[in-house]
Amino acid sequence: MFCLRGCRKKKVEDAPRNSSPDPTSVTKEKEHDEPLPEEPLQPTDINMDFNSWLNKNLYEGQMEKYEPIEKSLGEWTEIRLFLSSTFIDTHAERDKIVKEVIPEINRKMAPNFIRIIPVDLRWGVLAEESKSCFDIQKTCLNQIDNCRMSPGQSPWFLGLRTSRHGWLQNEVMPSQGYEQPGYYDWIDKLGLANTAVSITSLEISHATRAPDILPPHPTVFFYRRKFTPAAQETLGNSDFRWVFDFEYTEEEVEEPELRYQYTRINEAGRYARDMEELDQYLSNKPYVMFKDYSAGFNGEAFYTNKRENARSFGVGYVSDLDEFANDVEQDLLTAIKMNFILPDVSKMKLDPYLLETIQHENAIKLKASTFVGRKEMVEETYDHLQSDGKNHTLILHGDPGCGKSGLLAAVAYRAIRGKGDDDFVFVHAVDSCPGSNLLERFLRRLHYYLRTFRRDRGEMDISKDPPESITELKQEHQSFLKETGQNYPHSKFIIIVDAVNQFYDSLRAWDMWWLIRDEGVSNVRFLISTLTEENNTYQNALTSCKFSTSLLVTPMSKEDLMDMVSTTLERYNKKLTCYDDDIQGNQMELLLSKSSSPLFLIAACEALRKFGIFELVTEYISSFPTEITSLFSFLLDEWSVEYGKEFTEDVCGLLALSKDGLLENQINDLLRFKEVREKGERGGFLYESSFSRLNGSIRSFLAAGGGGYLRFFHDQLKYTIRDKFLNETFSLNTHSWMCEFFMMVIWPKLREDSRDAKVPDYFEHVLNQIVYHQLQVATTTLSYDIFKSTLRNIYFVRERILHGQHNALNNEYMEAIGSAASGEDQAALKLWAKFVQLYTPAIQEFPQFATNMALNQAPSSVVRTDTLQHPRPTPDSCYPLTWTNIPSADDPMAVKIPSKGVDCVASSVAGDLVIVAAERYAGIYDQSSGETLHKLPVSAYSVLLGGDEKLLFIGDLQGIVYCYDVSSGALKCNTDDSAALPGCVTWLGTDRSGNILAGSGNSRKTIGWMNYSETDGCAIFNPSDLSLIKNWSCEEPAFHHTYNSASHTLISSHKGSLSVWDGESGEKLYSREDGSGCIYCLDSHVTDRKILSGNNDLQVVEWRVGESEEEGLVELRRVELVCLSVWVYGGVWSVRYGVGGEYFYCTEPQSKLKSVQVFDKESKKVGEFKGHSYNINCIAVIPGAPGEILSTDKGQTTVIWKLSSFDDIDACKQDLDEKVQWVGFTLTETHFVTVTESHCRLWEVGQEGEAGDSECKVVKSAEIPGFYGSRGAFHPNGEHLLVMTRMDVLVFDLQLELLATHTVLKTDDGSTSDMKITPDGTKFLVTESRNEGSKHSKAFVWSCGDPVSASEHLIKDGYGGRMFACGVSHDSKWGIIGGHKGTMILDLETGQTMATVWRRGNFFVSFFPDSFQFLVDDGNALYRYREDGKEVLNKYIGHNESVETATFLGEHVVTGSKDGTIRIFHKTSGRCQYAFFNHRSQSMTCVAAAQSNPLILASNTNGMLYILRY
């Protein structure tokens, strides 16, 4: 406070601490222990009262208001809020503001891109500064100036007014000592007045100096504390009341404990009046908000340094500040909303990539603004962008720090400014904002804007958004670029990417496949920059893009370097001598002699900016080292002296070790977190500085990426910090520190219901950072338990997936697995990685059920055991569904790839690739994660990896073989038309010499084999250019081929025979019949003269390839696969030797289980892989990995299976050998029955165990005639079970004794399709699906009051198509039929048609159990109709594939779908309330729900029975 009648020469106890040697002093309060004089010194001539002086010197009369600032969408505004008060008595308020109020405001304002950064100089007053009034004034007041949004405006300032007076200064620094002297005219007047002034009053005076123009709402806030009566009473009786009291007194204090805590002084009354006058002054200013607040006190105060017979030091905390916090929050929010015109993001149709684009362009503009010189290189580069030359890609490359990014930015900025109306300019600065180092983000943003460009010019037939699937996006990338360029030949499409070597290598970004490759699009121009020697991006760019050229960024000329240095220093009003000065010498020459690196010189300019003694500049430059790393080390030493060694090390360590930068608020919070951790919540301060202080020196070396994420803009700086500070211990401690802090940030979200959890606005960034730091800790300590909180935490997994970070999460699993030292840790992480890969789509749709998905893993699965450590979900309606009969061992399904295939191949585990031939394309996938790497636009029917797994050979439908580069997806060569095989290339292989072998055959292989009559052939090609070496005819239709290396022969399969050909000459050696109609598939032993064949008679035959024609093919063994169904196109579709030949794998479609069967060398079936929804076309082994195979089906899935050994194949007790067609509960619900193709089984419902498990067991079984569409139904009398077979209805008692057989159908053209019994038990309804006479399909109504003696009641004709489903009404009067001709409702007594609903085909129909409303399926949805069928009441939508089955459960509809999920919908609203998803549940076939027992039964095409308890 001012004291205009006297000037203090010493400090009172609120002064900053000095360098007292007392080791017990741990506070960071402003303290001093020197004796105080009795009276302050008197000024010479001061008669003006305090309030008058303030108004005269700080207030300038009328001011105009400025308009609110219009916020630019996407650009972050950071409001630096200075907190001012005395220190020892306001910790509680400051903590409330910093820890609660500001984070809450930042959360609320994040959608408007505004954040508050508190400037809290409890932190940041150095011990040395506390000895100097000038230093402390410069520190505090300069920081206030940094809190102004623009010159002439008031700062953002929050002052706390309490009873304490503050530290008086013995002198006032003149205006010229500050960074912006124009703001300090008043302080010179104060100095002339020789007034006594406290540092707190200096802060207040400077903040309330009249602005040039008034803001729409004050940005300077003052809050005056008023203690409650209860608090006043408590304080009056406290020995610590001195902490909160006015510290001066005119009377001697008698109490011994307080005697030294107050200063006796005659001017105490005047000091008190000064404080009152200052409050009066503040309360009357239009640009200041001033209000009172209430506070309590519960006695929380303590000494930080207690001394006998001398002044002691301590702190106190007030209480009951919630109302205060609310006022501050509302006041700040109001000020923000009044001073800024905020875009209402919620009401705007935002370009989804606008915010990213702004950040990229801002980064480019910032770099361009500091670029000087190199005019010739700028012109050469810019001319490339504007030219039409065939080399459409220019690669800027060079060494670190040579100026590549600056050059590129200068050219990019010029291109943006010079863009024509019909031109397109796109810039991407890698590492400029979070996510910018992901190639997928780059591709999506580029394609969005290319589409926008084309749609704006009338191409409305293309969608505005890129394909959601990254696979499809990659597939269309090259063709879309080419098409765009060709469609607009007079437009320039300029795509600029800075620092491509800093992309993460997801999607194999470093292979540079994404650069345009075609010659005929010269108007599409790429400009990229990269280091010459990092991640091989430079060489890969030259290789991938044939039409590219490069430009080496050479050293700058001396003139350019001088210009750069001069321009940089001019910004700080500084300059160097550029001539031989008699005293200073040629300072510019001296500096340039140190280094010609632009990075070095920029760092040197930063050092010179801070250096304040001109006479010593030459000497200072002479002290500079000559290497950038050494110079930066030099600066680090200076900062360590200025800001404290530990503080400098910690801040630089945080920035250098962060994954991709930190917000200033994050850095402050991290430092505060460490301080509390090491000192305690009330334990004082760890550091002598604050980041806002150090930021002034370090900011020139930081790149503020999008959203303000700070990081060192050049790796050379990080290398220096690494070498100087980052030893193993320091790095480990820093990573651990960030791990602990980040975990604290995300922990509120890591629970079942986290909707109301409050987290900082940087939560998403932390979520993406924490595992990176945990990996560093784990690899150093070799302790992987740290991942139990993240990679092994279902809630963490859920949040990562919800925030679109699942690809990064998959990569983190791979890194963690690769670094794990113990097999146990590896196994646990592999299971979690598998879970994430398999369940990401389900968690994206139903994040609220993620925990249930984890708990429904196998009991032995670490996913389940880890999740059981968390509280179980709270039951709600039918949630959660617990799978009670989970197989005890985890299943071998490891990765699912969303692609069908006719052929597939895998690389070694190290190669990490899977290739699938999918007829219309060939897909290249990541073997670990299933991520799509490339989709190649070729009709692919066979695939082969060659060239050390770097080349991919593909055979197409027209007999052509192609060679692609695996890394880039670029076509290298293909066979000539003259060398084309006579038909589809169904097989590719290699011979001993590495030559490519190809064989043609039936493209459909198994389907239609009887009518296939083409003559096929074989060929040998040179692998380098696919030139033809040899070809020959197979002399007859062929289906598959294999090459046996041990005998150097090629074997082809035909209709019932095998032919053996010489592997070099192509001469036919001999043939052999196998007794079947057709041999579909072949495989060869890797080292022995053995082959396997699979035929249409469900036989696998192993042969020995003889050494002569006389010996021929010798049959070694024949394995008959057991299958009840007969299908003319069935048989063994694929056969494959396992690694080492100890086992073989095969698959067939007839059992309906869609499985891969495993046989040992004794021909014993030892296991089965189940998980496909469609018939499997092909099996492949993963080289060098026993027990790991690949299978691809004809529907939509390729699966990677992994077993450590075949002993791990553990069939579930409820894992059946047949697909369950129907399941239903008995009336008592103590038992249920399953009906398969050949059996009825009666099961006893088990009791629920302690772990929620339930062991149900078969108590009776009965065989039935084999039929793939068998159904069942219980008679309402509770005594009979009716089972529908192909033409009959069988009647069983509940012990499954057959009582009667009723033949329902009149013709064998087709079969029954569904059956239902009326609730009163008087009738049953059966539908028919005919083949040849499909339009004559009928429905049959039988009377069955006594099921044993049931009789036909009527036949319903006239439907006109195949029928697939039926149902009966609740009153037993109506029936409902669904099929190809829609839905028909009929009277069961008369057969009269009551209503019809036409839909494209109904495969499920049912009445509701309590009304005549009915359900009808239409593809993926169910529709609820009114009784007359004329109105849809609501829809049950959510399944991704067709609804196969449904039942009712109270107020819910339970559905099962081909997508493998069970969904529970609310009957009335249609809202999906729950979905059960399990990666094994492929294509549900039937579902049943008990009404009085909390059980749901379901089964799927893999023969698995799910017993679900809710």
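The paragraphs below set out a description of the structure included in this document. Just so we're clear, the structure is a prediction, and the values are computed from it rather than from any experiment.

1. Here's the deal with the overall build of the protein
Counting its secondary structure elements, the protein contains 30 helices and 76 strands. A principal-axis box enclosing the C-alpha atoms of the protein has dimensions of 125 × 75 × 60 Å. Counting across all 1510 residues of the protein, residues that qualify as buried make up 62%. Summarising the internal contacts of the protein: among those between residues at least 6 apart in sequence, 62% fall at separations of at least 24. For the protein, the exposed surface amounts to about 57200 Å²; the carbon and sulfur share of it is 47%.

2. Overview of the sheet that holds strand 74 (residues 1484-1489)
The 4 strands are arranged 21-76-75-74 in an open sheet whose pairing can be described as antiparallel. Across the chains shown, the open sheet's two edge strands, defined by having one partner strand only, are strand 21 (882-883) and strand 74. As paired elements, strand 75 (residues 1495-1500) and strand 76 (residues 1505-1509) share 5 bridges and run antiparallel to each other. Within the sheet, the bridge partner assigned to Leu 1497 lies in strand 76 and is Ile 1507.

3. As for the packing of helix 2 (residues 91-109) against helix 8 (residues 322-339)
Any two packed helices are characterised by how steeply their axes cross, that is the angle between the axes, and by the distance between the axes. Direction vectors running N to C along helix 2 and helix 8 enclose 40 degrees, while the axes themselves pass 10 Å from each other. By the angle between their axes, helix 2 is oblique relative to helix 8. For the pair helix 2 and helix 8, the sense of crossing is right-handed. In contact with Glu 93, Lys 96, Ile 97, Val 101, Glu 104, Ile 105, Lys 108 and Met 109 of helix 2, helix 8 contributes Asp 322, Phe 324, Ala 325, Val 328, Glu 329, Leu 332, Leu 333 and Ile 336. Tallied by class, the residues present in the contact of helix 2 with helix 8 amount to 10 nonpolar, no polar and 6 charged.

4. Things to note about the sheet that holds strand 28 (residues 951-955)
The 4 strands lie next to each other as 27-28-29-30, forming an open sheet whose pairing is antiparallel. Sheet topology places strand 27 (942-946) and strand 30 (971-974) at the edges, where each strand pairs with a single neighbour. Taken pair by pair, the neighbouring strands of this sheet meet at an average axis angle of 20 degrees, ignoring direction. Two elements, strand 29 (residues 961-965) and strand 30, share 3 bridges in a ladder whose sense is antiparallel. Bridge pairing in strand 30 places Tyr 964 opposite Leu 971.

5. Thoughts on the pairing of strand 50 (residues 1222-1225)
A regular strand carries its side chains on alternate faces of the sheet. Residues Trp 1222 and Gly 1224 point to one face of strand 50 and Val 1223 and Phe 1225 to the other, with burial holding for every one of them. Two elements, strand 50 and strand 51 (residues 1231-1235), share 4 bridges in a ladder whose sense is antiparallel. Counted as the bridge partner of Gly 1224 is Val 1233 from strand 51. Taking the residues between adjacent antiparallel strands as the criterion, strand 50 and strand 51 are bridged by 5 residues, where Glu 1229 takes a positive phi near 60 degrees.

6. Some words on the packing of helix 20 (residues 645-657) against helix 21 (residues 664-679)
Viewed as axis vectors pointing N to C, helix 20 and helix 21 meet at an angle of 130 degrees, and their least axial separation amounts to 11 Å. If you check the angle between helix 20 and helix 21, you find them oblique. The two elements helix 20 and helix 21 meet at a crossing, and its hand is right-handed. Counted together, Glu 646, Phe 647, Asp 650, Val 651, Leu 654 and Leu 655 of helix 20 and Ile 667, Leu 670, Leu 671 and Lys 674 of helix 21 form the full contact between these two elements. By residue class, the composition of the contact of helix 20 with helix 21 is 7 nonpolar, no polar and 3 charged.

7. Let's talk about the environment of Gln 1099
Its place among the elements puts Gln 1099 in strand 41 (residues 1099-1105). The spatial distance from the C-alpha of Gln 1099 to the C-alpha of Val 1119 is 5.5 Å, given a sequence separation of 20 residues. Leave out the neighbours within four places in its chain, and Gln 1099 touches Ser 1093, Gly 1094, Arg 1118, Val 1119, Glu 1120 and Val 1132. Within the structure, Gln 1099 has its side chain in polar contact with the side chain of Arg 1118 (distance 2.7 Å). Polar contacts involving the side chain of Gln 1099 include one to the side chain of Glu 1120, which spans 2.7 Å.

8. Concerning the pairing of strand 69 (residues 1432-1436)
Here strand 68 (residues 1421-1425) runs beside strand 69; their pairing, made up of 4 bridges, is antiparallel. The residue bridging Arg 1424 from the neighbouring strand is Asn 1434, located in strand 69. Two successive antiparallel strands, strand 68 and strand 69, enclose a turn made up of 6 residues, where Gly 1429 displays a positive phi of approximately 75 degrees.

9. Quick word on the pattern of salt bridges
Across all of its chains, the model carries 61 salt bridges by this definition. Note that Lys 1165 is salt-bridged to Glu 1168, the shortest N-O span being 3.1 Å. Under the relative-accessibility criterion, Lys 1165 is labelled partly exposed at 39%. Judged by its relative accessible area of 18%, Glu 1168 is buried. Notably, a salt bridge pairs Arg 1330 with Glu 1328, separated by 2.9 Å at the nearest N-O pair. Both residues of the pair, Arg 1330 and Glu 1328, belong to the buried class. Each of Glu 104, Lys 108, Glu 329 and Lys 758 takes part in salt bridges that share partners, so that together they form one network.

The rules behind each value
- Residues numbered from 1 in each chain as written.
- Predicted model: local features only at pLDDT ≥ 70, side-chain atom pairs only at ≥ 80, totals over all residues.
- Heavy atoms only, no water.
- Helix = DSSP H or I, 4+ residues; strand = E, 2+ residues; numbered from the N terminus.
- Buried < 20%, exposed > 50% of the residue type's maximum accessible area, 1.4 Å probe, protein only.
- Contact = heavy atoms within 4.5 Å.
- Areas by Shrake-Rupley, 256 points an atom, 1.4 Å probe, with all protein chains shown as cover.
- Pairing = 2+ DSSP bridges.
- Axes fitted to C-alpha atoms, helices over the stretch in contact; angles between N-to-C directions.
- Parallel < 35°, antiparallel > 145°, perpendicular 65-115°, else oblique.
- Left-handed = near helix turned anticlockwise from the far one by under 90°.
- Nonpolar A, V, L, I, M, F, W, Y, C, P; charged D, E, K, R; others polar.
- Polar contact = N/O pair within 3.5 Å; in protein donor to acceptor, adjacent residues only side chain to side chain.
- Salt bridge = Lys/Arg side-chain N within 4 Å of Asp/Glu carboxyl O.

So far we have only geometry, and geometry alone does not tell us how the molecule works.
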